[in-house]
Amino acid sequence: MFNLKKNKLNKFFAQKGVSLSEALIAIVVSTIVFGATYAIYNNFQKTFVRQINYNNLKQEARFALHALQYDSRMAGFKHADTTNGDVQMPVRVLNDDGTEVTDDTEFGETVFFCFDTEDNDGNVQRKLIQYELQTPFSTSTEETILKKKIWNTTNCDVEDTDNTTVDVNWMPVAQFFD
């Protein structure tokens, strides 16, 4: 009995090659293993990229909310040394067609904040700040950018070019909003 097993083993190891069917089975098995490995790798790669994009979006939203929160808290502030009088319209929210938002069923795309600030030299200035959702220069994307524009003003009116001048032109605050 031991000799019979030994003969089969010797015959197996004495073989000089593989048959065609054995080679095809090896190719099929290795293709399945490599395919499964690639599918797992691709899934991990997509999950990783999705997580990075999600974290970027959260960080951009957090920064945008921080900027909006600061300016909204300042809205209507009248400095004691101002010569411009009271802040008449501290907050205005406009629809995309330029009309004022009247109730909570409308969603404005432009927000204005007006308040007094004091610079490093002690000069009091009234600032009008506009936040607006805009599309990027490239039209190949569906995303929007939150931009901010700042005016020096005396009456919080953008249309009054005699008393309102641009201090900082459009600058991005946050991007990649869907």
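Up top you'll find the structure we're talking about.
Summary of the structure given here. As the structure is a prediction and not an experimental result, all values here were calculated from the model.

Description of the overall build of the protein chain
Looking only at helices and strands, one finds two helices and five strands in the protein chain. For the protein chain, the succession of helices and strands along the chain, N to C, is α-α-β-β-β-β-β. Each of the 178 residues in the protein chain was classed as buried or not, and the buried ones make up 21%. Considering only intrachain contacts with a sequence separation of at least 6, the fraction spanning at least 24 residues in the protein chain is 44%. With an accessible surface of roughly 13400 Å², the protein chain has 57% of that area assigned to carbon and sulfur atoms.

Topic: the state of the cysteines
Under the definition given, this model contains one disulfide. In this model, Cys-114 is linked to Cys-156 through a disulfide, with the two sulfur atoms separated by 1.6 Å. Taking the torsion about the S-S bond as the criterion, the Cys-114 to Cys-156 disulfide, at about -65 degrees, is left-handed. Taken together, the residues Cys-114 in strand S2 (residues 110–118) and Cys-156 in the loop between strand S4 (144–153) and strand S5 (164–177) connect sequence positions 42 residues apart. Judged on exposure class, the residue Cys-114 and its partner Cys-156 are both buried.

Some remarks on the nonpolar core
Ranked by size, the top nonpolar core spans eleven residues in total: Ala-64, Ala-67, Val-111, Phe-113, Phe-115, Ile-129, Tyr-131, Leu-146, Ile-150, Val-173 and Ala-174. Mapped by element, the contributors of at least two residues to this core are helix H2 (20–74), S2, strand S3 (124–134), S4 and S5. Looking at this core element by element, the count peaks at three residues for S2. Setting aside residues no more than four positions away along its own chain, Tyr-131 makes contact with Ala-67, Leu-68, Asp-71, Glu-109, Thr-110, Val-111, Phe-113, Leu-146, Lys-147, Lys-148 and Val-173. Val-87, Leu-94, Phe-112 and Leu-128 belong to the second largest nonpolar core, which has seven residues in total.

Overview of the side chain of Lys-148
The residue Lys-148 is located in strand S4 in this model. The class of Lys-148 is buried, set by a relative accessible area of 13%. Separated by 3.4 Å, the side chains of Lys-148 and Asp-71 make a polar contact. Once residues within four sequence positions are removed from consideration, Lys-148 is found in contact with Asp-71, Ile-129, Gln-130, Tyr-131, Asn-169, Trp-170, Met-171 and Val-173.

Concerning a nonpolar patch on the surface
A surface patch of nonpolar side chains, amounting to about 330 Å² of accessible area, comprises Leu-20, Leu-24 and Ile-27. With respect to the helices and strands, the residue Ile-27 is situated in helix H2.

A closer look at the pattern of salt bridges
Overall, the coordinates contain three salt bridges when judged by the stated rule. Arg-126 serves as the salt-bridge partner of Asp-116, at 2.7 Å between the closest nitrogen and oxygen. Of the two residues, Asp-116 sits in strand S2 while Arg-126 sits in strand S3, which places them ten residues apart along the sequence. With a relative accessible area of 1%, Asp-116 lands in the buried category.

Describing the packing of aromatic side chains
Across all of its chains, the model carries two aromatic pairs by this definition. With a centroid separation of 6.0 Å and 75 degrees between ring planes, the pair formed by Phe-113 and Tyr-131 is classed as edge-to-face. On the criterion of sequence distance, the pair formed by Phe-113 in strand S2 and Tyr-131 in strand S3 is long-range, its members being 18 residues apart. You can call Phe-113 buried: its relative accessible area is 6%.

A look at the side chain of Thr-110
On the secondary structure map, Thr-110 appears in strand S2. A polar atom in the side chain of Thr-110 sits 3.3 Å from the side chain of Glu-132. Thr-110 has contacts with Arg-92, Val-93, Leu-94, Gln-130, Tyr-131 and Glu-132, leaving out every residue within four places of it along the chain.

So, how was this worked out
- Residues numbered from 1 in each chain as written.
- Predicted model: local features only at pLDDT ≥ 70, side-chain atom pairs only at ≥ 80, totals over all residues.
- Heavy atoms only, no water.
- Helix = DSSP H or I, 4+ residues; strand = E, 2+ residues; numbered from the N terminus.
- Buried < 20%, exposed > 50% of the residue type's maximum accessible area, 1.4 Å probe, protein only.
- Contact = heavy atoms within 4.5 Å.
- Areas by Shrake-Rupley, 256 points an atom, 1.4 Å probe, with all protein chains shown as cover.
- Disulfide = S-S within 2.5 Å.
- Core = buried A, V, L, I, M, F, W, Y, C linked by side-chain atoms within 4.5 Å.
- Polar contact = N/O pair within 3.5 Å; in protein donor to acceptor, adjacent residues only side chain to side chain.
- Patch = residues over 30% accessible without salt bridge, like charges linked within 9 Å, V, L, I, M, F, W, Y side chains within 5 Å.
- Salt bridge = Lys/Arg side-chain N within 4 Å of Asp/Glu carboxyl O.
- Phe/Tyr/Trp six-rings, centres within 6.5 Å; stacked < 30°, edge-to-face > 60°.

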